[in-house]
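Commentary on secondary and tertiary structure
Listed below are the residues making up each chain.
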Amino acid sequence: MYGMVNRAIEEMVISAHGAEVWEQIKQKANVDEDVFVSTEGYPDAMTYSLVGAASEVLQTPAPVILEAFGKHWILRTAQEGYGDMMAAGGKTLREFLVNLPDFHSRVSMVLPHLAPPRFYCSLLEEHSVHVHYQSHRAGLAPFVTGLFKGLGERFATAVEIEQIADKTAGADHDEFVVRW
Ligand code: HEM
C-alpha cells in the first residue's frame, strides 16, 4: 500500500498516545522505517503488522483500531490531503455513497499504482443503501465501518451501519446496510 496509509496510522496513534507509544508499536511490528513516504509503495504485511502491534501495545482489539482508523482516514487524512477530491465525491452522505464506486478511479489518476477496493450500491432508498465491498485484502471490514461512520460525521448525518454479509464467514464479499 502507499505509504500514506502507514503514515496516517502513525498520526492517529501519536495524536492520541504520543510518540513513545508509536516507537513501541513499530518495534513490536519489526518496522524500522524512520519515515513513511506517502507516495511510495510498502508491503501490505507491514500495515497489518503495525495494526497487530498497535492492538497489543494499546490492549485494544484490532477491529476497534481499524474502525477508529476508518474515521480518522475520512475526517483527517482524506480531508487534509485530498479535500478537493472529497468535495467532488458528493454534497450529502447519500450522494457520496452513490458516487463511491467511481471514487478510487479518480484517486488512481494521482496514485497510479493504487490497488483499490471495489464498491457498488444496491437497494437505494431515500434513507438507506446497501453497499457492497470487494477487496483482494482480508480483514478490513471494520475499517470500512469506520469509513462510513466518518462519512456520517463529515455530513453531520446520524448513521447506523449493519454488516449483513461477511467474507470471513464464507460470504462472497462483505455487504453493509447504511441507514440515516
Ligand atoms: C481522497 C481520498 C482517498 C484517497 C487518497 C484514498 C487512497 C487510498 C489508498 C492509497 C489506499 C491503499 C491501497 C493502495 O495503496 O493500493 C486505499 C485503500 C482503501 N480505501 Fe481509499 N482513498 C480515499 C478515500 C476513500 C473512501 C472515501 C473510501 C470509502 C468510504 C475508501 C475506502 C478504501 C478501503 C476500504 C481501502 C482498503 C484497501 C482494500 O480494501 O483493499 N477510500 N485508499
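Residues numbered from 1 in each chain as written. Predicted model: local features only at pLDDT ≥ 70, side-chain atom pairs only at ≥ 80, totals over all residues. Heavy atoms only, no water.

**Quick word on the pattern of salt bridges**
If the charged atoms of two oppositely charged side chains come close together, the side chains can form a pair. Evaluation of the coordinates by the stated rule reveals eight salt bridges. Put simply, K28 and E56 hold a salt bridge, and the shortest N to O gap is 3.4 Å. Here the residue K28 occupies a position in helix α2 (residues 19-28), and E56 occupies one in helix α3 (residues 44-58), the gap between them amounting to 28 residues. The partner of R137 in a salt bridge is D44, and the shortest N-O contact between them spans 2.6 Å. Taken together, the residues R137 in the loop between β2 (128-134) and α7 (141-154) and D44 in helix α3 connect sequence positions 93 residues apart. (Salt bridge = Lys/Arg side-chain N within 4 Å of Asp/Glu carboxyl O. Helix = DSSP H or I, 4+ residues; strand = E, 2+ residues; numbered from the N terminus.)

**A short note on the site of the ligand**
In the vicinity of the ligand lie 26 residues, with H104, A115, Y133, S135 and R137 positioned nearest. Between the ligand and A115 there is a distance of 2.8 Å, counted from an oxygen atom to a backbone nitrogen or oxygen. Side-chain polar atom of Y133 to an oxygen atom of the ligand: 2.5 Å apart, as the coordinates give it. Take the shell around the ligand: its biggest share by element is five residues, from helix α6 (residues 93-110). (Near = heavy atom within 4 Å. Polar contact = N/O pair within 3.5 Å; in protein donor to acceptor, adjacent residues only side chain to side chain.)

**Observations regarding the sheet that holds strand β3 (residues 160-165)**
The four strands lie next to each other as β1-β2-β4-β3, forming an open sheet whose pairing is antiparallel. A strand with exactly one partner marks an edge of an open sheet, and here the two such strands are β1 (118-122) and β3. Averaged over all pairs of adjacent strands, the angle between their axes in this sheet comes to 25 degrees, without regard to strand direction. Summarising the sheet, β1 and β2 pair through five bridges and their orientation is antiparallel. By the bridge assignment for β2, R118 is matched with Q134. In this fold α6 packs onto β1, β2 and β4 (174-179), with an angle of close to 140 degrees to the strand it touches most, β1. In the packing of α7 onto the sheet, the strands contacted are β1, β2, β3 and β4, and the crossing angle to β4 comes to about 20 degrees. (Pairing = 2+ DSSP bridges. Axes fitted to C-alpha atoms, helices over the stretch in contact; angles between N-to-C directions. Contact = heavy atoms within 4.5 Å.)

**Some remarks on the coordination of the iron atom of the ligand**
Donation to the iron atom of the ligand from the protein comes from one atom only, H104 (NE2), at 2.1 Å. Structurally, H104 can be placed in helix α6. (Donors = N, O, S within 2.8 Å, 3.2 Å for Na, K, Ca; no water.)

**Some words on the pairing of β4**
In terms of residue burial, β4 counts as a mostly covered element, since five of its six residues are buried. Judged from the six bridges that link them, β2 and β4 form a sheet pairing that is antiparallel. Paired with V129 across the bridge in β4 is V178. Pairing of β3 with β4, which is carried by five bridges, proceeds in the antiparallel orientation. Opposite E160, over in β4, you have R179 as the bridge partner. (Buried < 20%, exposed > 50% of the residue type's maximum accessible area, 1.4 Å probe, protein only.)

**Some remarks on the domain arrangement of the chain**
Splitting the chain by domain gives domain 1 (3-60) and domain 2 (90-179). Look at where the C-alpha atoms of domain 1 and domain 2 centre, and you get two points 24 Å apart. By the criterion of area lost to domain 2, the three top residues of domain 1 are M4, D44 and Y48, representing 91% of everything that side buries. The interface formed by domain 1 and domain 2 holds one salt bridge in total. Inspection of the region where domain 1 meets domain 2 yields two residue pairs in polar contact (both at pLDDT 80 or more). Residues of the side of domain 1 that touches domain 2, tallied by class, amount to two nonpolar, one polar and one charged. (Domains from an automatic or database assignment. Buried area = accessible area lost by both parts, 1.4 Å probe. Nonpolar A, V, L, I, M, F, W, Y, C, P; charged D, E, K, R; others polar.)

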